[in-house]
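# Chain and residue survey
Each chain, written out:
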Amino acid sequence: MEYFFEIFFDGLTRGSIYALIALGYTMVYGIIQLINFAHGEIYMIGAFTALIVSGVLGALGLPGYAILLMTLPVAVIYASAYGYTIEKIAYKPLRNAPRLSPLISAIGMSIFLQNYVLLAQTPDFLPFPSLLPPLDVVDRFHGVLSSSEVIIVVTAALVMAGLTAFIKFTRMGKAMRATAQSPRMAMLVGINVDQVISLTFIIGSALAAVGGVLIASHVGQINFYIGFLAGIKAFTAAVLGGIGSIPGAMLGGLVLGWTESFATGYVSSDYEDVFAFALLVLILIFRPAGILGKPAIQKV
Amino acid sequence: MLKLIDVEAGYGAIPVLHRVSIEVGKGEIISLIGANGAGKTTTLMAICGVVPLRSGDILLDGQSIRGVPGNRLVDMGVSQVPEGRLIFPELTVAENLDMGAFLRKDRQGIRDDLDHVFELFPILADRRHQQGGTLSGGEQQMLAISRAIMARPRVLLLDEPSLGLAPLVIRQIFGIIQKINRERGTTIFLVEQNAHQALKIAHRGYVMENGAITLTDTAARLLENEGVKKAYLGI
């Protein structure tokens, strides 16, 4: 039973991170029907920024949690600036182009950013400091769950609750939903659609950066390529849950996280990805719109 | 108040509007009637900047609004009820109405207008927590009109409000349009295929054929015009 819970919490942790990244895919898709393939790189850039900032702060001799509290905002702002800029230079000029053009532009952006970090930093794995402080309360359950797992799950839950409240209750959140549902009408009621799109990229990038910093600190190493697999997995999570659906991305992330953890724990870690993508194939066969997605019906 | 001067516009290489001139005076209801494909919707899209002008000009209170982006027009007092209503389907009725007042900051004024809207269309008050997409066609049209007047416009543009609705509902909606004009002094520019209803509530009317204005007169005289009767009123 202890083993089961250990795997359960491992899956919950992975799932929370997938969910954080998947939200960026699903929100952008909801508004401009684009799969932003460069989103995984934003997550990687968030982690790299945190590595650099924490390195500088660490040299000053600050304690781990203080470094974390100062590093996280910097990583979030830096990643958001990247997300905002990518939209402006790679997607906005193609807004009225055929759907395939921005998609190819996104893949190009992803490759560009990977290689940029590869050249500017290093192709090797770099050690990432453990910024998540140990919690005494949690350490009593040693072996079943760790402090960093608890911090990751709780932080992700708080961030997602905040996002849900923002989307549901604020005027800007309503404007985001309105723009996703009918961009032309959103413009006619006075919503600045360009601004809403920029905001969507900024929020998505911020969430990815939070995920990047948390997981890098948990795993302990990063390189320029971590965004690729994390991006593909989070994209899978978004499709699982129903692309365009915000609760769907959260649920899809958790389902994917548990699938991988249980596959690793009870079968073999070699089959982790096999199970993850087999699940995707199954969902797409039996529920093509995803778990919470709605089938596309157009009322005329 | 709203004036189109020799407007030429079209899609890509295809010209649609040919020297269209229309004048909508303050407090008037003006109807633009014409067959399917005559260019009525394109005229509205030209006003709100969705279709760029090739020549001519569009004035609002004497100022050119050529090239002003659509989202800035609401601020200048122009609201639109677009063709096909474009309700936000997954927003509730209340949220749809709140989006109509997106640029307004006067909370008390918004609340007053909400009461006013629920007075005009009591059914919307009953359905305020329901998603917009679950309403019937007639209710959606009521919601679209209400959403537009939540911006407290000086000019209201309506594109085919009768489209796909039952005759009884059409009469009710046109009655409300007339009421909005009378009670709030809102200037109304109505684009319609249903010429009879549109001319009955209008002060003046314009007839459009193949992208050009072919006839303009008072609504009463257009209703008596032999050509209009034959082509649009089915008499």
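Residues numbered from 1 in each chain as written. Chains lettered and ligands numbered in written order. Predicted model: local features only at pLDDT ≥ 70, side-chain atom pairs only at ≥ 80, totals over all residues. Heavy atoms only, no water.

Scanning chain B from N- to C-terminus turns up ten helices and ten strands. Whereas a compact globule of 235 residues would reach a radius of gyration of roughly 18 Å, chain B reaches 17 Å, a difference of no more than 12%. Its C-alpha atoms put chain B at 45 × 40 × 30 Å along the principal axes. At a minimum sequence separation of 6, the contacts of chain B that also span at least 24 residues come to 69%. For chain B, the accessible area works out to roughly 10000 Å², and carbon and sulfur atoms hold 50% of it. (Helix = DSSP H or I, 4+ residues; strand = E, 2+ residues; numbered from the N terminus. Rg over C-alpha atoms; globule rule 2.2 N^0.38 Å. Contact = heavy atoms within 4.5 Å. Areas by Shrake-Rupley, 256 points an atom, 1.4 Å probe, with all protein chains shown as cover.)

What follows covers the interface of chain A and chain B. If you look at the interface, chain A gives 20 residues, while chain B gives 27 residues. In total, about 2100 Å² of surface goes out of reach between chain A and chain B, with carbon and sulfur atoms giving 59% of it. Counting across the interface, chain A meets chain B through three salt bridges. Of the charged contacts in the structure, one is a salt bridge between D98 of chain B and R171 of chain A, with a shortest N-O distance of 3.0 Å. (Buried area = accessible area lost by both parts, 1.4 Å probe. Salt bridge = Lys/Arg side-chain N within 4 Å of Asp/Glu carboxyl O.)

On to the pattern of salt bridges. For side chains bearing opposite charge, pairing can occur when the charged atoms are close. Counted by the stated rule, this structure contains 25 salt bridges over all chains. Where R104 of chain B meets D106 of chain B, a salt bridge forms, and the shortest distance between an N and an O atom there is 3.1 Å. Each of the salt bridges in this network shares a partner with another, and the network as a whole consists of D10, R14, K233, E260, E272 and D273 of chain A.

Turning to the sheet that holds strand β6 (residues 78-81) of chain B, a few remarks are in order. All names here are of chain B. The strand order across the open sheet built from six strands is β6-β7-β8-β3-β9-β10, with neighbouring strands paired in mixed fashion. Strands with a single pairing partner mark the edges of an open sheet, and in this sheet they are β6 and β10 (212-218). Each strand of the sheet is rotated relative to its neighbour by a mean of 15°, with strand direction disregarded. Here β6 runs beside strand β7 (residues 155-159); their pairing, made up of four bridges, is parallel. Each bridged residue has a counterpart across the sheet, and for V81 the counterpart in β7 is L158. Docked against the sheet, helix α7 (residues 167-184) engages β3 (29-34), β7 and β8 (187-192), running at close to 155° with respect to β8. Contacts between helix α10 (residues 226-233) and the sheet are confined to β3, β9 (204-209) and β10, with β9 contributing the most and set at about 65° to the helix. (Pairing = 2+ DSSP bridges. Axes fitted to C-alpha atoms, helices over the stretch in contact; angles between N-to-C directions.)

The subject of this paragraph is the nonpolar core. By size, the foremost hydrophobic cluster in this structure holds 122 residues, and its most contacted members are Y91 and I191 of chain A together with L2, I47, I58 and F189 of chain B. Sort the elements by how many residues they give to this core and helix α9 (residues 193-219) of chain A lands first, with 14 residues. Discounting chain neighbours no more than four positions away, the residues touching I47 of chain B are L2, L4, I58, I65, L73, L157 and F189 of chain B. Within the second largest apolar cluster, 44 residues are counted, among which are V81, F121, I180 and Y232 of chain B. (Core = buried A, V, L, I, M, F, W, Y, C linked by side-chain atoms within 4.5 Å. Buried < 20%, exposed > 50% of the residue type's maximum accessible area, 1.4 Å probe, protein only.)

A separate point is helix α12 (residues 272-286) of chain A. Residue and element names in this part refer to chain A. The end-to-end C-alpha separation of α12 is 22 Å, in line with the 21 Å expected for 15 residues at 1.5 Å each. Listing the buried residues of α12 in full gives E272, A276, L279, L280 and I283. Projected down its long axis, α12 carries its buried residues within an arc of 100°, all on one side. Along α12, exposed side chains directed more than 90 degrees from the buried face belong to I285 and F286. Each element contacted by the buried residues of α12 is listed here: α1 (2-32), α10 (226-241) and α11 (246-266). (Expected span 1.5 Å × (residues − 1). Arc of directions from axis to C-beta.)

Further remarks concern unusual backbone geometry. Residue and element names in this part refer to chain B. At R19, a residue that is not glycine, the phi angle is positive and equals roughly 40°. Summarising the element assignment, R19 is placed in strand β2 (residues 14-24). What makes R19 exposed here is its relative accessible area of 55%. Of note, the phi angle at L86 is positive, near 45°, even though the residue is not glycine. You can call L86 partly exposed: its relative accessible area is 23%.

Residues and elements named next belong to chain B. Positionally, G164 belongs in the loop between β7 and α7. With relative accessibility at 80%, the residue G164 sits in the exposed group. In this structure the C-alpha to C-alpha distance between G164 and G137, which are 27 residues apart in sequence, comes to 7.5 Å.

Take the pairing of β7 of chain B next. All names here are of chain B. Counting buried positions along β7 gives five out of five residues, so the element sits mostly inside the fold. Both faces of β7 are covered, namely the face carrying V155, L157 and D159 and the face carrying L156 and L158. Inspection of the sheet shows β7 paired to β8 by five bridges, in the parallel sense. Bridge pairing in β8 places V155 opposite T187.

Let us now look at the sheet that holds strand β5 (residues 63-64) of chain B. All names here are of chain B. Taken in spatial order, the four strands make up an open sheet running β2-β1-β4-β5, and their pairing is antiparallel. Every other strand in the sheet has two partners, leaving β2 and β5 as the edge strands with one partner each. One ladder, built from seven bridges, connects strand β1 (residues 2-11) with β2; its direction is antiparallel. Looking at the pairing, L4 lines up with I22 of β2. Contacts between helix α1 (residues 40-47) and the sheet are confined to β1, β2 and β4 (53-60), with β1 contributing the most and set at about 110° to the helix.

On the surface, D112, D115, E119 and E183 of chain B cluster together to form a negatively charged patch. Per element, the largest residue contribution to the negative patch is three residues, and it comes from helix α4 (residues 107-120) of chain B. (Patch = residues over 30% accessible without salt bridge, like charges linked within 9 Å, V, L, I, M, F, W, Y side chains within 5 Å. Lys, Arg positive; Asp, Glu negative; His and termini not counted. Charge placed at Lys NZ, Arg CZ, Asp CG, Glu CD.)

Turning our attention to the packing of α1 of chain A against helix α2 (residues 39-59) of chain A. Residues and elements named next belong to chain A. Remark: α1 packs on α2, axes separated minimally by 9 Å, with the N-to-C direction vectors making an angle of 130°. On the basis of their axis angle, the class for α1 and α2 is oblique. By crossing handedness, the relation of α1 to α2 is classed as right-handed. Across the interface between the two elements, I17, I21, G24 and Y25 of α1 pack against H39, G40 and Y43 of α2. (Parallel < 35°, antiparallel > 145°, perpendicular 65-115°, else oblique. Left-handed = near helix turned anticlockwise from the far one by under 90°.)

Any link to function would need more than the numbers given here.
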